[in-house]
Amino acid sequence: MLWICLVAAALASGGPYTVGARSASVYLGLEAERITRLATSEGSYADSVIDVDDGIAKTGAKAILSYGLFDRTELELTLPYAANHLNRLDGPICEALGDGCDRTSGFAPVQVRVKQVVLDELTGAPFSLALAGEMRFGGWTWATRGRLTNVGLGTFDAGGGLGFGRSGGLGSGYWALSGSADARWRTPLTEVDGSAVPGWETDGGVELLFAPQGVVAIGPEVAWFFRPNGTDVETSDLSDPDWIGALSVQKVALGGSAHLRARQGVTVSAGVFHNVWAVNNPVDALLVTAGVQVSRLGAARARP
Amino acid sequence: MNLATGERVGDRLRVEGLVSEGGSACVYRVRHEALGVVYALKVLTPRSPFPAERLLREGRIQAALRHPCIVQVVDVVEVAGAQALIMEYVDGPTLAGLGGGMERGVARTLYADVLAAVGAAHAHGVLHRDLKPQNILLAPVTGGWLPKVADFGIARIVEAGDTRPGVTRFGVGMGTPGYTSPEQLRDAASVDARADIYSLGVLLFELLTGHLPFDADPDGPRMLAPVSGDVPEVDILLARMLASDPEARPASVAEVAEALYADEPRLLDIALGRAPPLPVGMTGLVRPVPVDAATTGTGGSNLTIVPGVASPPSSPSSGRSVVWLGVVGLVAVAAVGGVFLGPWLRSGSAPTVDAATPPAIEVAEAREEAGAAALAGALPGAQPVDPAAVPVPGSAPPIASPDATAAASSSTAAVRPAAGASPAPVGTPVAATDPVGAPAAAVAVSAAAPDSLSATGAVVADAAPAASAASGAPEGSAASSAVAPPTSAPAVAVPSGEWTGTLGGRPFLVRFSSADPLEAEVTLAFGVTERTTRYRGSVSADGTVRLVSVDGDGVLLGRFSGGSARGTLVVGKGRPMDWQLSR
């Protein structure tokens, strides 16, 4: 579902750093998430929730290719794949949704992002800062956008944001603080009270890593997603295929990640995230990620 | 326009002799009969492709700039119906005649004077646009020699908000390849002070090393070894000044001065114009350079200035009779030659204006003929131009000698032998070598103008013989003087393979991908993101690896010995960061 992609996106492209001119890196990751309750707009977390029967199980994979157009300019292509299903199809929710509970799988929206570093801590700036522009397209998810198991809302989105970060020495290793904040415009699906929905939305995240020995880095991370304008899940017409896109959403997830620099150019990563605040979104979502990033592909092509 | 000795010019000037003659202008020594003062008279030749207005414009600009380190223009006279400039007569050589590689202290002092002059011009809104050793004269003054910037022939006056093309047409490159910024070679009309900053960077590099900073390379010019030894500040400054992107360069002469003379307040004051220029003594100004006069084809005397003794002037050489063969040769020659040996070796005298070296403006006109598009095409990625790659109508194809090719191809071993270049006959291309004498690249010159040819980097200051551009020049060139004698310098180990370690705690990796030219990918990790940047450079005779990032923004200095290495990395204006690596 949509929120899977958002959290993962914050993991992959957060921060202001780029791979360098004519260099490239590839991240291949797996994700798994389980959701059992949705929070409504009347409360959060525990007060006002909707049980999703035995829950939604979501699995996915993601490939992210980063290529350095210039030393401080990066092109990033994200290609996600997701397969979502409900654990129980004869519960109250699925009886109400009908085929909205059918298993859904396929490529989620593809994202292209260009990042330009405008402040570089190596050159004396107090922190690194990058500006980014992005486009996202998921037209092929249009037909299943109304399912609880959707892998995207079928829209074209465009936006931009910034990445920021700073790193330094820590013992014989390093620390790194990085984050991003993005906002995007989405193609309207419908109107609610005269306003186009989904409206604009914003997401981002901040990650702090400690690597005292330089090999293993571990640290906390927070990610958020907000879509200020929209409807509440309790008042939504579940027969409307755009009911999910029309939701007003708030979500904050906390978690942590670990990265093992297995050998030069190869990093194995794992992360765990849990929603700590949600409105019209899963309140108990638990997301687990694991992936491998291979860097310096451009260097490997250098002449001997 | 030929003026005979003794001929009268105007009411009070009498010609005392021809100082220099070039394709577009002649310079005569004239004496004011009433005052007894000697001046230089610059007259356009009949075959000059340039309008008289440009000469007058040059005169107006130079006359407006009152600075002790700028050659003064005092009047304009008419000579046989043509305009001519009366200028201050400078009875000394040009910097091009000194051979480069002068003592560091002398070079820094001299450079401060030059900065003061250029800074004064910039303060008046004048961009020189053709700063090079040939256009910096050394005037004998009490206590030594004072540099004087000359030849504002393609200077541009810039006023706030001024976008007028003036004399220079948009889209037309001007300048001297090797010294001129990439953006000026593409479009001279739109440059700003940073174009002069680039040329000043080339000049500084050459003053300190004796050769130009960039070497020809199939993948684009690469910067040769930086210059500063264990002190990276100068290398960092040079990397910034020589960045192909103007935005990466210091924005002003003052910024250059403050970076270069931060620890020398006296020179800083001079460079900033807060103190009068300081003459440089002859001691340390130049190192004697043995040149086989027979191979120069000019008959001129060698430049051999004994420390503490001024070089005596000699009579004008027979080289005057050499005719400019045309813009075809000039482009190539201006690119690689005329730097060290040209006018001085030919005249052995005191050229007031370096008329022997192809004037930049002629180069520019040649490029106009070649077409701005062709010129731009020769400058991919705004890299500093490879002179041999600039297409000029009628030019001969580059020549690559088998020797050069073999030398370049055989130098990929981890340990590079100290190659001693063998003497080559006149006109035979030779392999260019880096300062440690190792083959660096085969450089060929397509054609040459006999009145100006000299091979860039031909003059070798000391036991680090830097051979230079190969030359397919006709007889009379100084190409053979570029050949370094066999040397017994010890072999220098060239690092190879992957080296890993840390920089400020961050994972840091240097992977050498090529030994000749020396290239490396430098990777620095920011969290889980790794940034890899390509660097190029060389190994100096003392084993120091000096690499500059391809964008000119980073400088890596270090020593790789055995299984460990340590050094410093500087990026942009950042502070030097120490690193340690192991294999």
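Coordinates for the structure precede this section.
This text gives an overview of the structure that appears in the document. Given the structure is predicted, the values throughout are model-derived calculations rather than measurements. (Residues numbered from 1 in each chain as written. Chains lettered and ligands numbered in written order. Predicted model: local features only at pLDDT ≥ 70, side-chain atom pairs only at ≥ 80, totals over all residues. Heavy atoms only, no water.)

## Some words on the state of the cysteines
Residues and elements named next belong to chain A.
Part 1 of the reasoning: Inspection of the entire model under this criterion finds 1 disulfide over all chains.
Part 2 of the reasoning: The disulfide bridge from Cys94 ends at Cys101, spanning 2.2 Å between sulfur atoms. Disulfide Cys94 to Cys101: torsion about the S-S bond roughly -95°, handedness left-handed. (Disulfide = S-S within 2.5 Å.)

## A closer look at the pairing of strand β4 (residues 38-44) of chain B
Residue and element names in this part refer to chain B.
Part 1 of the reasoning: The buried count for β4 comes to 7 of 7 residues, which makes it a mostly enclosed element.
Part 2 of the reasoning: Where burial is concerned, the two faces of β4 agree: the one with Val38, Ala40, Lys42 and Leu44 and the one with Tyr39, Leu41 and Val43 are both buried.
Part 3 of the reasoning: Bridging between strand β3 (residues 25-32) and β4 involves 7 bridges; their strand directions are antiparallel. If you follow Arg31 over to β4, its bridge partner there is Val38. (Buried < 20%, exposed > 50% of the residue type's maximum accessible area, 1.4 Å probe, protein only. Helix = DSSP H or I, 4+ residues; strand = E, 2+ residues; numbered from the N terminus. Pairing = 2+ DSSP bridges.)

## What about a nonpolar patch on the surface?
Residues and elements named next belong to chain A.
Part 1 of the reasoning: Taken together, the side chains of Leu65, Tyr67, Leu69, Phe70, Leu75, Leu77, Val112 and Val114 make up a nonpolar region of the molecular surface, amounting to roughly 630 Å² of accessible area.
Part 2 of the reasoning: Looking at the nonpolar patch, the elements that each hand over two or more residues are β2 (49-70), β3 (73-86) and β5 (110-119).
Part 3 of the reasoning: Top element by residues in the nonpolar patch is β2. It accounts for 4 residues.
Part 4 of the reasoning: Mapping Val112 onto the fold places it in strand β5. (Patch = residues over 30% accessible without salt bridge, like charges linked within 9 Å, V, L, I, M, F, W, Y side chains within 5 Å. Areas by Shrake-Rupley, 256 points an atom, 1.4 Å probe, with all protein chains shown as cover. Salt bridge = Lys/Arg side-chain N within 4 Å of Asp/Glu carboxyl O.)

## Considering the side chain of A:Ser295
Part 1 of the reasoning: Tracing the backbone through its elements, the reader meets A:Ser295 in the loop between β16 (286-294) and α3 (297-300).
Part 2 of the reasoning: Given a relative accessible area of 7%, A:Ser295 falls into the buried group.
Part 3 of the reasoning: Apart from the residues within four sequence positions on either side, A:Ser295 is in contact with A:Ala24, A:Ser25, A:Gly265 and B:Glu530. (Contact = heavy atoms within 4.5 Å.)

## A look at the side chain of A:Ser269
Residues and elements named next belong to chain A.
Part 1 of the reasoning: Of note, Ser269 is situated in strand β14 (residues 266-279).
Part 2 of the reasoning: Among the polar contacts listed, one links the side chain of Ser269 to the side chain of His259, at a separation of 2.6 Å.
Part 3 of the reasoning: In this view, Ser269 contacts Ala258, His259, Thr289, Ala290 and Gly291; residues no more than four positions away in its chain are not counted. (Polar contact = N/O pair within 3.5 Å; in protein donor to acceptor, adjacent residues only side chain to side chain.)

## What to know about helix α4 (residues 193-209) of chain B
Residue and element names in this part refer to chain B.
Part 1 of the reasoning: The end-to-end C-alpha separation of α4 is 24 Å, in line with the 24 Å expected for 17 residues at 1.5 Å each.
Part 2 of the reasoning: In terms of residue burial, α4 counts as a mostly covered element, since 17 of its 17 residues are buried.
Part 3 of the reasoning: Just beyond α4, the residue with positive phi is Gly210, at close to 90°. (Expected span 1.5 Å × (residues − 1).)

## Section: the packing of aromatic side chains
Part 1 of the reasoning: Counted under the stated rule, the structure contains 7 aromatic pairs over all chains.
Part 2 of the reasoning: Measuring from ring centre to ring centre gives 4.5 Å for A:Tyr17 and B:Phe526, while their planes differ by 15°; the resulting arrangement is stacked. Of this pair, A:Tyr17 sits in the loop between α1 (2-13) and β1 (24-39) while B:Phe526 sits in strand β19 (residues 518-526), on two different chains.
Part 3 of the reasoning: Take A:Tyr17: its relative accessible area is 3%, and that puts it in the buried class.
Part 4 of the reasoning: Residue B:Phe526 is classed as buried on the basis of its relative accessible area, which comes to 2%.
Part 5 of the reasoning: Aromatic rings pair up to connect B:Trp499, B:Phe508, B:Phe512, B:Phe560 and B:Trp579 into one cluster.
Part 6 of the reasoning: Here A:Arg145 stacks its cationic end above the ring of A:Trp142, 3.5 Å away from the centre of that ring.
Part 7 of the reasoning: The side chain of B:Arg29 reaches across the aromatic face of B:Tyr89, ending 5.1 Å from its centre. (Phe/Tyr/Trp six-rings, centres within 6.5 Å; stacked < 30°, edge-to-face > 60°. Lys NZ or Arg CZ within 6 Å of the ring centre and 35° of its normal.)

## Here's the deal with the interface of chain A and chain B
How big an interface is tends to be expressed through the accessible area that disappears when the partners come together.
Part 1 of the reasoning: With 35 residues of chain A at the interface, the matching set in chain B holds 34 residues.
Part 2 of the reasoning: Between chain A and chain B the total buried area reaches about 2,900 Å² when both faces are included, carbon and sulfur atoms providing 49% of it.
Part 3 of the reasoning: Across the chain A-chain B interface, the total number found is 3 salt bridges.
Part 4 of the reasoning: Linking chain A with chain B are 9 residue pairs in polar contact (both at pLDDT 80 or more), by the criterion used here.
Part 5 of the reasoning: Listed by contribution, the elements that provide at least two residues to the side of chain A that touches chain B are β7 (156-170), β8 (173-186) and β13 (249-263) of chain A.
Part 6 of the reasoning: Taken together, the residues of the side of chain A that touches chain B sort by class into 11 nonpolar, 16 polar and 8 charged. (Buried area = accessible area lost by both parts, 1.4 Å probe. Nonpolar A, V, L, I, M, F, W, Y, C, P; charged D, E, K, R; others polar.)

## Quick word on the nonpolar core
All names here are of chain B.
Part 1 of the reasoning: Ranked by size, the top nonpolar core spans 50 residues in total, and within it Tyr111, Leu115, Leu200 and Tyr261 carry the most contacts.
Part 2 of the reasoning: When contributions to this core are tallied by element, the ones reaching two or more residues are α2 (104-123), β8 (136-141), β9 (144-149), α4, α5 (232-241), α6 (253-260) and α7 (265-271).
Part 3 of the reasoning: By residue number, the principal contributor to this core is α2, which donates 10 residues.
Part 4 of the reasoning: Ignoring any residue separated from it by four or fewer positions in sequence, one finds Tyr261 in contact with Arg108, Tyr111, Ala112, Leu115, Leu267, Leu268 and Ala271.
Part 5 of the reasoning: In this structure, Val522, Leu547, Phe560 and Trp579 belong to the second largest nonpolar core, which totals 26 residues. (Core = buried A, V, L, I, M, F, W, Y, C linked by side-chain atoms within 4.5 Å.)

## A closer look at the sheet that holds strand β21 (residues 544-549) of chain B
All names here are of chain B.
Part 1 of the reasoning: With antiparallel pairing, the 8 strands of this closed barrel are ordered in space as β17-β18-β19-β20-β21-β22-β23-β24. Each strand of the sheet is rotated relative to its neighbour by a mean of 30°, with strand direction disregarded.
Part 2 of the reasoning: Looking at chain direction, β21 and strand β22 (residues 554-561) are connected through 5 bridges and run antiparallel. Within β22, the residue paired with Thr544 across the bridge is Arg559. (Axes fitted to C-alpha atoms, helices over the stretch in contact; angles between N-to-C directions.)

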